[in-house]
Every structure is written in structure tokens, then in C-alpha cells.
Amino acid sequence: MTTIPSRLAQMTRISSSRAEARLRAIDLYRAWVRAAPEICTIYALNVTPAYLRNSIRQKFEQNRHVTDQRAIEVLLLKGQQELQESLNCWKQPDHIYGILLQNNQRPHRTFLQKFYEGRDEDAVLPAASGVV
């Protein structure tokens, strides 16, 4: 497949209401779900499209609680950008595994488990973790 930079390019736009932002989020989600088989093929991932769709759904569900209009716009912009970069093959397979397929939830550990490790990771998150 040939890389066409303008393949998925869109003009930056701002939603006038939460209802419009919601519709844009649904459209973006549908675009991601439809692109899952193509992403698995392009990057020769060792996962099924269904697993990738489930990961995409989890990423969208993580941001379901966001109510700030500006934050929603930023998330929509970043989501569209990630989709365009993924489908234009501007990423490496490691990016796909790290961004889409990696579970950011840390396993629950007791105080003693943290103490034995010698650090409290819940107190300080790495800057590149993507968790706000």
C-alpha cells in the first residue's frame, strides 16, 4: 500500500456543543474500529482484529468521564492524528503495541509488596506514562 499523507487529513474544527463533540467521538471510534483489520495487516500484529477493537474500546472508555469541552477537543484531535499516523504507516509495530495494546492499569499491590520493592510507584508516575 502506498503512503498518501493526505489520505485521512481533516481540517481542524471545534465542536459547537457537547452533542456535536459526542457525535465526532462516535465517528472517530467507528473509524478506529473499521481500521482494526487493516492495522493488524499493515503492521503484521500477532493479535486478532477483535482484540485490537477491544483495546480501542478500552481507550475510549478511559476518557468517557471527560466533560471539559477543550479537553474533549484535544482528545478528538489526538485520536484523529493517531488514526492517520497508524493507517499511513508512519509508526513502527512497537508504537502500536505500546499505545494501543499496552494495559496502563497497574496491578494492585499491598503496602508490604510496595515496601519490599523499595519504592511507591503510586506516589510518582513517570512523565511518559500518558496518565494525567
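Before reading on, note that the structure itself is shown above.
All residue numbers refer to positions counted from 1 along the written sequence of the respective chain. Given that the model is predicted, a residue must reach a pLDDT of at least 70 before its local features are reported, and side-chain atom pairs must reach 80 or more before they are shown or counted; all residues, however, enter totals for whole chains, interfaces and linings. Note that water and hydrogens are dropped before the side-chain values are worked out from all heavy atoms of the structure.

S.K.: Let's hear about the overall build of the chain: which residues, and what values?
M.R.: When you go through the chain residue by residue, the secondary structure sums to five helices and zero strands. Note on conventions: DSSP H or I runs of at least 4 residues are helices, E runs of at least 2 residues are strands, and numbering of each starts at the N terminus. The order of helices and strands in the chain, counted from the N terminus, is α-α-α-α-α. Each residue is assigned to one of three classes by its accessible area relative to the maximum for its type, calculated with a 1.4 Å probe on protein chains only: buried under 20%, partly exposed between the two thresholds, exposed over 50%. Each of the 132 residues in the chain was classed as buried or not, and the buried ones make up 25%. Note on areas: Shrake-Rupley with a 1.4 Å probe; residue coverage comes only from the protein chains shown. Summed over all atoms, the accessible surface of the chain reaches about 9,600 Å², with 56% contributed by carbon and sulfur.

S.K.: So what about the nonpolar core? Which residues, and what values?
M.R.: Core analysis: the largest hydrophobic core is formed by 19 residues, its most contacted members being Trp32, Ile39, Leu45, Leu52, Leu83, Ile96 and Leu100. Counting residues per element, this core draws most heavily on helix 1 (residues 18–42), at seven residues. Contact criterion: two residues are considered in contact whenever any of their non-hydrogen atoms come within 4.5 Å of each other. Leu45 has contacts with Ile39, Cys40, Ile96 and Tyr97, leaving out every residue within four places of it along the chain. Put simply, buried Ala, Val, Leu, Ile, Met, Phe, Trp, Tyr and Cys residues joined by side-chain atoms within 4.5 Å make one nonpolar core.

S.K.: Lay out the layout of surface pockets in plain terms, naming residues and giving numbers.
M.R.: Using only the protein atoms, space was sampled on a 1 Å grid; points where a 1.4 Å probe fits but cannot get out form cavities, open sets with protein on both sides within 12 Å along at least five of seven lines form pockets, and lining residues are those with an atom within 4 Å of a point. Grid points are joined across faces, edges and corners, and a volume is the space filled by probe spheres set on the points. Taken as a whole, the second largest pocket holds about 360 Å³ of empty space. Taken together, 16 residues form the lining of the second largest pocket, with Gln10, Arg24, Leu76, Leu77 and Gln80 sitting closest to its centre. The set of elements that each furnish at least two residues to the lining of the second largest pocket consists of helix 1 and helix 3 (69–87).

S.K.: Outline helix 1, listing residues and values.
M.R.: One less than the residue count of a helix, multiplied by 1.5 Å, gives the span that helix is expected to have. Between its first and last C-alpha, helix 1 extends 34 Å over 25 residues, near the 36 Å set by a 1.5 Å rise per residue. One axis is fitted to the seven residues ending at the residue and one to the seven starting there. The bend at that residue is the angle between these axes. At Ala36, helix 1 shows its largest bend, some 45 degrees, and a proline, Pro37, comes one to four positions later. Ala21, Arg24, Leu28, Trp32, Val33, Ala35, Ala36, Ile39 and Cys40 are the residues of helix 1 that are buried. Its buried side turned inward, helix 1 meets helix 2 (49–62), helix 3 and helix 4 (93–101).

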